[in-house]
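Chain and residue survey
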Amino acid sequence: MVELRARWDDLLPGSAALADDLVARYVDRTRRAYRDQYLNIVLTALDSLIQLSTDPTSVRLAAWFHRAVHEPGGTPSEDAEASARLAEDLLPRYGVPSIRIAEVARLIRLTGDLAAPPPDSYAPPRRDANGDVLLDAVNSILASDPTRYAVHTAEVRRDAGERKAALEHRYDDVGDLLDGHLYRTQLARQRLGQVARLNLESELAGLDSELPAPWRGWQQAGLTATATFGAVAAAVVAIAASGASWQVPAADDEVGWPTVVLAALSFFSAPVLFRCARSASQRARLIAGAVLAIAVTGLLVAWAEIPRTNAATGVGLRVPLLISALLLLLVASAAALVASLLRTRTARYLPARNLGQQLAWLVVPAVVALVLLLIVQPLSRNYVLSSNERLEGSPQEAGRASPSVLDGGVAWVSESVAGTGAEEAIGTRFGVAIPRPDGVVEMLDAATGAVRWRYSRSDSDEKPVITATGNGEYVLALFADVGYLLLNADTGRREAAWPGRMRDRFIQQPQPLLTGERSGKLHGVDPSGHERWTYESGSCTDLGAIATAETVLAFVSHTCDDQPDEMTALDVQTGKTLWTKTAPDSYRRPVVVAGLVVVAEPGGDTDVPVALTAIEPSTGDIRWRWDVPKGWACRTLLNAAGKYLIVVDCPGPSTVESRHTVVTAIDANTGLTAWQTVAPVSPRAKVTVTADGRVVSLSRAGTGCVANVIDRAGFRQVRLPTGIVCGRDPRAVGNLVLTSGPNTVIALR
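Let me sum up the structure you'll find in this document. (Residues numbered from 1 in each chain as written. Predicted model: local features only at pLDDT ≥ 70, side-chain atom pairs only at ≥ 80, totals over all residues. Heavy atoms only, no water.)

1. Some thoughts on the overall build of the chain
A tally of regular secondary structure across the chain gives 15 helices and 35 strands. Over its C-alpha atoms the chain spans a radius of gyration of 45 Å, topping by over 25% the 27 Å that the globule rule assigns to 749 residues. Taken over the C-alpha atoms alone, the chain extends approximately 145 × 55 × 50 Å along its principal axes. Across the 749 residues that make up the chain, the buried fraction comes to 49%. Across the chain, the fraction of contacts at a sequence separation of at least 24, relative to all contacts at a separation of at least 6, is 57%. As displayed, the chain offers around 35300 Å² of accessible surface, 54% of which is attributable to carbon and sulfur atoms. (Helix = DSSP H or I, 4+ residues; strand = E, 2+ residues; numbered from the N terminus. Rg over C-alpha atoms; globule rule 2.2 N^0.38 Å. Buried < 20%, exposed > 50% of the residue type's maximum accessible area, 1.4 Å probe, protein only. Contact = heavy atoms within 4.5 Å. Areas by Shrake-Rupley, 256 points an atom, 1.4 Å probe, with all protein chains shown as cover.)

2. Things to note about the sheet that holds strand β15 (residues 521-525)
Pairing within the open sheet is antiparallel, and its four strands lie in the order β13-β14-β15-β16. What marks the edges here is a single partner per strand, and that holds for β13 (506-509) and β16 (531-536). The sheet shows a mean angle of 30° between the axes of neighbouring strands, direction not considered. Bridge analysis of β13 against strand β14 (residues 514-517) gives three bridges, and the strand direction is antiparallel. In the sheet register, glutamine 509 faces β14, and the bridge partner there is leucine 514. (Pairing = 2+ DSSP bridges. Axes fitted to C-alpha atoms, helices over the stretch in contact; angles between N-to-C directions.)

3. Considering unusual backbone geometry
Cis geometry is adopted by the peptide bond preceding proline 512, which originates at glutamine 511 and carries an omega value of -10°. Mapped onto the secondary structure, proline 512 falls in the loop between β13 and β14. For aspartate 481, which is not a glycine, the phi torsion comes out positive at approximately 65°. Topologically, aspartate 481 is positioned in the loop between β10 (474-479) and β11 (483-488).

4. Examining helix α8 (residues 146-160)
Taking 1.5 Å of rise per residue, 15 residues should cover 21 Å, and α8 covers 21 Å from first to last C-alpha, within 8% of that figure. When α8 is considered as a whole, its buried residues turn out to be Arg148, Tyr149, His152, Thr153, Glu155, Val156 and Asp159. Down the axis of α8, the sector holding all buried residues measures 160°, keeping them to one side. Exposed side of α8, more than 90 degrees from the buried face: Pro146 and Thr147 are the residues found there. In this structure, the buried side of α8 is in contact with α3 (36-49), α9 (163-178) and α10 (186-210). The backbone nitrogen of threonine 147 lies 2.9 Å from a side-chain oxygen of the residue at the head of α8, namely aspartate 145. Among the residues trailing α8, glycine 161 stands out with phi positive, at a value near 110°. (Expected span 1.5 Å × (residues − 1). Arc of directions from axis to C-beta. Polar contact = N/O pair within 3.5 Å; in protein donor to acceptor, adjacent residues only side chain to side chain.)

5. Here we look at the side chain of serine 83
Position of serine 83 among the secondary structure elements: in helix α5 (residues 76-90). Taking relative accessible area as the criterion, serine 83 reaches 0% and is therefore assigned buried. A polar side-chain atom of serine 83 sits 3.2 Å from the main-chain carbonyl oxygen of phenylalanine 65. The residues touching serine 83, leaving out its near neighbours within four places in the chain, are Phe65, His66, Arg67, Ala68, Val69 and Ile108.

6. Comments concerning the packing of helix α14 (residues 318-342) against helix α15 (residues 355-387)
At a closest axis distance of 8 Å, the pairing of α14 and α15 adopts a crossing angle of 145°. Here α14 and α15 pass one another in a crossing that is right-handed. Across the interface between the two elements, Val319, Pro320, Leu321, Ser324 and Leu328 of α14 pack against Leu372, Val376, Ser380, Tyr383 and Val384 of α15. Across the contact of α14 with α15, the residue classes break down as eight nonpolar, two polar and no charged. (Left-handed = near helix turned anticlockwise from the far one by under 90°. Nonpolar A, V, L, I, M, F, W, Y, C, P; charged D, E, K, R; others polar.)

7. Side note on a nonpolar patch on the surface
A contiguous nonpolar surface patch, about 420 Å² in accessible area, is contributed by Leu355, Leu359, Leu362, Val363 and Val367. Mapped onto the elements of the fold, valine 363 is located in helix α15. Owing to a relative accessible area of 44%, valine 363 belongs among the partly exposed residues under this scheme. (Patch = residues over 30% accessible without salt bridge, like charges linked within 9 Å, V, L, I, M, F, W, Y side chains within 5 Å. Salt bridge = Lys/Arg side-chain N within 4 Å of Asp/Glu carboxyl O.)

8. Comments concerning the packing of aromatic side chains
Scanning the model with the defined rule gives eight aromatic pairs in all. Taking 5.2 Å as the distance between ring centres and 90° as the angle between the ring planes, the aromatic pair formed by tryptophan 8 and tryptophan 64 counts as edge-to-face. With tryptophan 8 in the loop between α1 (2-6) and α2 (16-26) and tryptophan 64 in helix α4 (residues 56-65), the pair connects residues that are 56 residues apart, well separated along the chain. Of the two residues, tryptophan 8 and tryptophan 64, both sit in the buried class. With centroids separated by 6.0 Å and ring planes inclined at 70°, the aromatic side chains of phenylalanine 229 and tryptophan 361 adopt a geometry described as edge-to-face. Here the residue phenylalanine 229 occupies a position in helix α11 (residues 218-242), and tryptophan 361 occupies one in helix α15, the gap between them amounting to 132 residues. Pairwise contacts between aromatic rings join Phe229, Phe274 and Trp361 into one cluster. The aromatic ring of tryptophan 579 is capped on one face by lysine 581, whose charged end is 5.5 Å from the ring centroid. (Phe/Tyr/Trp six-rings, centres within 6.5 Å; stacked < 30°, edge-to-face > 60°. Lys NZ or Arg CZ within 6 Å of the ring centre and 35° of its normal.)

9. Comments concerning the pairing of β15
By the criterion of burial, β15 is predominantly enclosed, with four of the five residues buried. The pairing of β14 with β15 spans four bridges and is classified as antiparallel. Across the sheet, the residue bridging to leucine 514 is glycine 524, located in β15. Counted along the chain from β14 to the antiparallel partner β15, the turn is three residues long, and its residue glycine 520 has a positive phi close to 80°.

Dropping the structure here:
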């Protein structure tokens, strides 16, 4: 106290009472922090820096006053404001000029914010010499003797109040101080900077051991985990890419070593990037940067070497997979580089393990796995699908076909469609779709036969299998090595691509859309490929199904045991089981007519059924039963035509080769025969049934071809123009009858 009092001498003549008052404030027994020893350290540091000021007296007075008022738990700004007001109240009594009083008060208020400028800031154009000297002197406590500094920090935390809050607040303050310059004057930096930084780092280490830190360090852990698992994911994708081709069809000179090298590089980069992310050394940053440069270079090279697609060459799956692997390696190396750059000397005080870091190491690999499954895999497939498809034509409004009256004339002849014919045509709301070899689907205008659009793929060289679905709005095409694609029947644009797991399914029924698997599974599917429900009939079963607009009727045959066959009804939207009934034997050839499911009751080993039975699908009740004449001898064909069930067979006996065909129309509402016609047409001829119930087949007559027409009015033959191939099956699309030329599709008038 005596030493502190002696420092006031000659500072302000005739102010002994003021000096005693100030000293008494600093040594007050109720004060728990910023006591006389603190003030002594500040004044001692000020003596070595005072020559840098322009008004030494004002700076010294400000140093004496800056903590003259201090309340327990008070903030520096509150203490500075109260102390400045005290100076403004007391100094005029001792003859201090008002201009000096204003400067002293200003300097005191500066001590309310001791934060130093950040390391990368530039010096302001106008320096505050007095303020810099005072603030550096106040901050000199940071460079005091370690024992004295420890006592000071303990007093500050005890004075702050609640222990945990005080520790957390002090931890943040120390971190902010370490991120700055600590001192404003070059002289203070040289004399005090190193010691002050050591004291702060030592205090930070102690605070870290006392503070609960459940989350601290999760950012570093997340970056490190991203660097590690990103490299592992890159290796996995590169291995997958090595099994795919760069282009389709694969070139004979195609090399596979780049993907193998990338897989090896990524695999060995995982532990290297892990160490780089946990190190702040220049060497670690150089290694991470080198891996980053390799990934960027690889991306540029891969992008430049992407094959150009044309009708004969397409992009292989290796292209997107290799690019994805390089992107993953780029992300991994960038994460390691960022983690290394962010790691400072304070990072050594991060907890070794805590909840935040553990969660980061759990979440990151899960996110990487989801990226592979939900982003890399779908995007790679979509890239290949988009890159290898071509859509030609600008479709105009679709024309409407006139029904074929079958008078021997031709309505239209399509362009050359080598390798396909009318028997593979399907009808849609917007025309007639034709599959062609080399992965092509064409949509013909039903009124003129002109090509409305042509969809083709470079990665499929086989004829697609096509089906109309969605009430004729879409064409569902199965391309070899690609899978099911949903094409808009009006524009030809691809609306959806079914997931890869559905590639091996077969279309059980196109409308409503049902798919099946050989393992006894039935699926209700939307045209887009969205699976609404799955029905499993169990092991050792054969499963068939047919659906109306509301109900699916599944026929289950047991093959490994003596259990009776079953019929199960499912809701077409939800797959919910509506009812299950046993069946005396496996029903065959189900067909939907007027909302009923008509099935053929088997007649032993023969293809001729005993009877035709109409089942109400919502309840399983038998609506009617139509006995098949015993003399019929051929395989009975069932077709729906409006409200009629058209039955095609041949009259017997079975021991004699029949040369006639019998066509019967059964009213689906009553089960009664509406009409029946026997015609001198070979039952071996392939027939097609129009929407209005006409049964049409082709046969050769002399050097020409005739159309055999069997309907309610009887039987007639129509000679057709030359150029129609009689050996190929006709096809009815609604009431339009299509036939085949050598390389064309021909619509009959």
